[in-house]
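Residue-level structure breakdown
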Amino acid sequence: MHASHVDVGLDSRRTAHSPATQTIDFLWLELTNRCNLRCVHCYTESHPHSGDRDVLTTQAYERLMREAYDLGCRKLQFIGGEPQLNRDFHKLLVTANTIGFEFIEVFSNLTQLDDETVCYAAQNGICFATSVYSDEPAAHDAITRVKSSHARTIRNLKKLIDKGIETRAATIVIDQDRANVKRTKRFLTALGVTHVKSAQVREFGRGEEILSRPARLEGLCGHCWSGKLCIAPDGTAYPCVMARQWPVGNVLETSLAEIVGGRSLEGMRQTIFDSVWLPKIAEAGNGGEAGIHELEMVRKPTKPQMPHKPQKPHKPCAPFKLNPKHPHKPSHKPKRPGDNPSAEECFPCPQSCVPDTVPPQCPQSCSPFPACVPGDKKKKKRK
């Protein structure tokens, strides 16, 4: 009877928290499928000559950004391939900022970064993200399959940090040992990167060969059920940058508004929600009811942490415990500053592709970056 009671509770809450199907709050725009690197795990299988699917024009990208903004989207990431290989990259960056997007991020390998982009980013609150596979140049270059890529990435990463540009970096774990990963994260932190994480390679693109298994829906992180959309250089729309096997339309054949409000995206988001997100949250929360609490917590707006207020480092997150009287609520809260964070603060969050779920303080937090919070651009502009 107890198991039956839990199942009923999960079913009722699943209905209450099903995906908002006709929304878009975060947009990935892939500006090219070309890349000057040849990373062994690349999910788009990019390389210097993989631009045969680069169909969208600069005007098409500008139109898409305006349509997305009109639909309520305020967060945008330029990605690729290597987005800076698009000959109109800077123009598109300026257009996005002029339209009024509150969060703009460039996901780049940083080997092509120029001073014009650095200056514009520093003056307009543009964020950057990159991948660093090792603190050892040879190990990093072995993954990118391009010599000197580590030196160029680190040199330009330092430029961003020196200019005060908010930048996050991740180490994708392929065959590096644990000591290498920890050392690389310490290396990045010492450089001044404030948002550092590691993530496992996933079975998409070239990752399928590395992991010896085909792409599967369960390989997604699951965050893309909630208002996320990716547009590839050939106009194809996907619920996530990694979800190449599950297209939901094409902007060359129909409008962005029709895709966002269409049944294909609605069905895909619901499938991801049911088959990927809920199981991962349930597993992370040590039980279905706890997982639903996490879902409720993630969807609540969070108060941004102001960069000028120093924060004491958190102690390790306390294990999540269910409150027997109210199973959808955590059973404990910190009583005073410095206590272990509560489960509500530190609930385990599945590995994510989305910038605003990367942790600022607690390694398991789902709150936005302190200095990359949407709407905070004016505070980051320099005179």
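In what follows, the structure referred to is the one given above.
Here's a quick rundown of the structure. (Residues numbered from 1 in each chain as written. Predicted model: local features only at pLDDT ≥ 70, side-chain atom pairs only at ≥ 80, totals over all residues. Heavy atoms only, no water.)

A count of helices and strands for the protein chain gives 13 helices and nine strands. Expressed as a percentage of the 383 residues in the protein chain, the buried residues total 51%. (Helix = DSSP H or I, 4+ residues; strand = E, 2+ residues; numbered from the N terminus. Buried < 20%, exposed > 50% of the residue type's maximum accessible area, 1.4 Å probe, protein only.)

This part covers the pattern of salt bridges. Tallying each qualifying case throughout the model produces ten salt bridges. Between Glu-67 and Arg-63 there is a salt bridge; the shortest N-O distance is 3.2 Å. Taken as a pair, Glu-67 and Arg-63 lie in helix α2 (residues 58-70) at a separation of four residues, close to a single helical turn. Residue Glu-203 is joined to Arg-216 by a salt bridge in which the shortest nitrogen-to-oxygen separation is 2.5 Å. Placement of Glu-203 in the loop between β6 (195-200) and α8 (207-211) and of Arg-216 in the loop between α8 and β7 (228-231) is noted, with a sequence separation of 13 residues between them. What emerges from the salt-bridge pattern is a single network uniting Asp-135, Glu-136 and Arg-183. (Salt bridge = Lys/Arg side-chain N within 4 Å of Asp/Glu carboxyl O.)

Here we come to the nonpolar core. In terms of nonpolar packing, the biggest core is built from 72 residues, with Leu-29, Phe-78, Leu-229 and Ile-231 touching the most fellow members. Here this core takes eight residues from helix α10 (residues 263-284), the largest share from any one element. Setting aside residues no more than four positions away along its own chain, Ile-231 makes contact with Leu-27, Trp-28, Leu-29, Glu-30, Leu-56, Leu-64, Thr-236, Ala-237, Val-251 and Leu-256. Within the second largest apolar cluster, ten residues are counted, among which are Cys-35, Cys-42, Ile-143 and Ala-199. (Core = buried A, V, L, I, M, F, W, Y, C linked by side-chain atoms within 4.5 Å. Contact = heavy atoms within 4.5 Å.)

To continue, consider the packing of α2 against helix α3 (residues 89-99). Following both chains from N to C, one finds α2 and α3 inclined at 20°, their axes separated by 10 Å at the closest point. When the axes of α2 and α3 are compared, the pair comes out roughly parallel. Crossing of α2 against α3: the hand is right-handed. Here Thr-58, Tyr-61, Glu-62, Met-65, Arg-66 and Tyr-69 of α2 lie close against α3, whose contacting residues are Lys-91, Leu-92, Thr-95, Ala-96 and Ile-99. Taken together, the residues of the contact of α2 with α3 break down into six nonpolar, two polar and three charged. (Axes fitted to C-alpha atoms, helices over the stretch in contact; angles between N-to-C directions. Parallel < 35°, antiparallel > 145°, perpendicular 65-115°, else oblique. Left-handed = near helix turned anticlockwise from the far one by under 90°. Nonpolar A, V, L, I, M, F, W, Y, C, P; charged D, E, K, R; others polar.)

Packing of helix α5 (residues 137-144) against helix α6 (residues 149-162) leaves a shortest axis separation of 8 Å and a crossing angle of 105°. Relative to α6, α5 is oriented roughly perpendicular. Of the residues in α6, those in contact with Pro-137, His-140, Asp-141 and Thr-144 of α5 are Ser-149, His-150 and Thr-153. When the residues that make up the contact of α5 with α6 are grouped by side-chain class, the tally is one nonpolar, five polar and one charged.

Ordered by their spatial adjacency, nine strands build an open sheet running β6-β5-β4-β3-β2-β1-β7-β8-β9, and the pairing between neighbours is mixed. The open sheet has two free edges, formed respectively by β6 and β9 (249-250), since each of these has just one partner strand. Across two bridges, the pairing between β7 and strand β8 (residues 236-238) is antiparallel. Pairing of Cys-230 across the sheet is with Tyr-238, part of β8. (Pairing = 2+ DSSP bridges.)

Note that Asp-274 resides in helix α10. On the basis of relative accessible area, Asp-274 is assigned to the partly exposed category, the value being 29%. Each C-alpha atom of the pair Asp-274 and Trp-225 lies 9.3 Å from the other, and the pair is 49 residues apart in sequence.

The relative placement of two aromatic rings is captured by the distance of their centres and the angle of their planes. Enumeration according to the criterion identifies six aromatic pairs in this entry. Ring geometry for Phe-26 and Trp-28: centres 5.1 Å apart, planes at 75°, overall edge-to-face. Here Phe-26 and Trp-28 have matching classes, each one buried. Here the aromatic rings of Phe-204 and Trp-246 are separated by 6.4 Å at their centres, their planes lie at 80°, and the arrangement is edge-to-face. With a gap of 42 residues between them, Phe-204 in the loop between β6 and α8 and Trp-246 in the loop between β8 and β9 connect regions that are remote in the sequence. Across the pair, exposure class does not vary: Phe-204 and Trp-246 are buried alike. Against the face of Tyr-69 rests Arg-74, its NZ or CZ located 3.6 Å from the ring centre. (Phe/Tyr/Trp six-rings, centres within 6.5 Å; stacked < 30°, edge-to-face > 60°. Lys NZ or Arg CZ within 6 Å of the ring centre and 35° of its normal.)

By themselves, these figures tell us nothing about what the structure is for.
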